[in-house]
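Structural description and commentary
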Amino acid sequence: MLLKSLEVSHVRNLQSLKLLPHSTMNFVVGPNGSGKTSLLEAIYLLASGRSFRTPLARKIISHQQSELTVFGEILDSSGIAHRVGISKGLDGDTLVRIDGVRRERMSDLATLLPAISIDASSFELVDGGPSERRHLLDWGLFHVEHDFLEQWKSYQVAVKQKATLLRTGNDSHIRKQLAHWNEQQAVWGEKIQASRVRYVDALQLALHRTTAHYVGTLPLSLEYRPGWNRATYPSLMECLSANINAELERQACCYGPHKAELLIHWGAGLARDVCSRGQKKLVLYAVRLAQVMTLFEQRKLVPLLLLDDMPAELDDHNLHSIARFLRDYPCQTFITAIHGQALSKALFELFQDHRMFHVEHGQLIQTISA
Ligand SMILES: Nc1ncnc2c1ncn2[C@@H]1O[C@H](COP(=O)(O)OP(=O)(O)OP(=O)(O)O)[C@@H](O)[C@H]1O
Ligand SMILES: [Mg+2]
């Protein structure tokens, strides 16, 4: 999987920009406000159909413009070339074309171009609510287990239908329908539960190896909580059956994988509570790189890595560790920094073969290939 070329129009201050990325390491440098994060945002749009900064299209589209477009030539994991284009209008309407054919599902983009972004918003993975961490697991499962997306969609349908019923009323007719959707929720919920447990085990192992081999042992561990009390209710169906009245009273689906939590422990506490800002960034990198390792080992896939302002807040030892990981797992990577000196010596030493892009006022002013 490789992004061979990129054309960006009307994404924030990037009015019209073309670039030919390096197959492994790309450095993007430029002063504050020059457009570095916007460039990563454009690549992420192409890879996922959405921005990592905002769900609102009008914030991403350049002022005084009505539409943004991003176009890329991509080599898929079998080495087959594809032309991919995405455009978004002010109302949020998104048009995706792959090889000239319109696609409705954003997951088609993600399959073609798996991408991981580590940017300012990624701190939510540590500091934010459980949905961020569930999303991390589901992203990983989407890429490693082929049938996960269908399971996840079926589960969402059951939960949505149930939620509507729970708000509708409490008569015998509703209870009969609830029994049906409880069964559906339990069937798909157990599959998601099993997939997530498998994935967390693999991720935990990869996390241990990532830290031990590269960073040095960290007191970092993961704990998955399934979203219902399995000690009391070994199966989701038992939990749902026993709690019909409680759910009717609260008019909400209170149990199941959509309520699951992935705790990130640092020693005896939670990373959210005990880590410094730099340690949180290290946690983010460790968890995301463990995902890269898992994806590579289970599917022989390497995702595109978008590492915004990577050198900030990380000391030389940790930068060197991450650089060594990137050398061993050759993902096509984009790293932004204010200037070349901010990129650690390790990155230049380990990636003598790289491409450096200078961005200023939304324009590419210079491209240097080493
Ligand atoms: N919708 C928009 N239209 C035009 N310009 C925008 C829009 N949204 C943001 N900008 C501007 O785009 C510029 C680039 O922002 P970006 O976040 O990419 O900068 P950056 O190079 O990553 O800066 P920093 O080093 O501070 O992180 C900023 O000057 C910002 O004000
Ligand atoms: Mg930025």
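Here the structure is shown first, and the text comes after it.
Residues numbered from 1 in each chain as written. Chains lettered and ligands numbered in written order. Predicted model: local features only at pLDDT ≥ 70, side-chain atom pairs only at ≥ 80, totals over all residues. Heavy atoms only, no water.

1. Some words on the sheet that holds strand 9 (residues 220-225)
Two modes of strand pairing occur in sheets, parallel and antiparallel, and in both the strands are linked by backbone hydrogen bonds. How we decide: Strands are labelled as partners when DSSP assigns at least two bridges between them. Segments assigned H or I by DSSP are reported as helices when at least four residues long, segments assigned E as strands when at least two residues long, and all are numbered from the N terminus.
What the three strands build is an open sheet, ordered 9-10-11; its pairing is antiparallel. Lying at the two open borders of the sheet, with one neighbouring strand each, are strand 9 and strand 11 (269-270). Two strands pair when backbone bridges link them, and strand 10 (residues 261-266) and strand 11 are joined in this way by two bridges, in the antiparallel orientation. Bridge pairing links Trp266 to Gly269 in strand 11.

2. Quick word on the pattern of salt bridges
Selection rule: Between Lys or Arg on one side and Asp or Glu on the other, a salt bridge is scored when a side-chain nitrogen of the former is within 4 Å of a carboxyl oxygen of the latter. Classification of residues uses two cut-offs on accessible area relative to the type maximum, computed with a 1.4 Å probe and protein chains only: under 20% is buried, over 50% is exposed, and between them is partly exposed.
Tallied over the entire structure, the rule returns 15 salt bridges. For Arg133, the salt bridge identified is with Glu261, shortest N-O distance 3.1 Å. With a gap of 128 residues between them, Arg133 in helix 5 (residues 130-144) and Glu261 in strand 10 connect regions that are remote in the sequence. Accessibility classification places Arg133 together with Glu261 in one group, the buried group. For Asp328, the salt bridge is made with Arg327, and the minimal N-O distance between the two is 3.0 Å. You can call Asp328 partly exposed: its relative accessible area is 37%. Via salt bridges that share partners, Arg12, Glu41 and Arg53 belong to a single interconnected network.

3. Points about the pairing of strand 5 (residues 81-89)
Of all nine residues making up strand 5, seven are buried, and the element is well covered by its neighbours. With antiparallel pairing between neighbouring strands as the criterion, strand 4 (residues 67-75) and strand 5 make up a hairpin whose turn holds five residues, including Gly79 at a positive phi of roughly 85°. With antiparallel pairing between neighbouring strands as the criterion, strand 5 and strand 6 (residues 94-98) make up a hairpin whose turn holds four residues, including Gly92 at a positive phi of roughly 95°.

4. Notes on the site of ligand 1
Applied cut-off: Working definition: residue near molecule or strand if any one of its non-hydrogen atoms lies within 4 Å of it. Identification of polar contacts relies on pairs of N or O atoms within 3.5 Å, with a donor-acceptor requirement for protein atoms, meaning one able to donate a hydrogen and the other able to accept it, and with residues adjacent in sequence counted only if both atoms are side-chain atoms. Every accessible area reported is derived by Shrake-Rupley at a probe size of 1.4 Å, with residue values counting cover from the shown protein chains alone.
Neighbouring residues of ligand 1: 16 residues in total, closest Gly33, Gly35, Lys36, Thr37 and Ser38. In the environment of ligand 1, an oxygen atom lies 2.9 Å from a nitrogen or oxygen atom belonging to the side chain of Asn32. Computed on the free molecule, ligand 1 has an accessible area of 650 Å², of which 71% lies beneath the protein chains in the complex. With three residues, the top contributor of residues to the shell around ligand 1 is helix 1 (residues 36-48).

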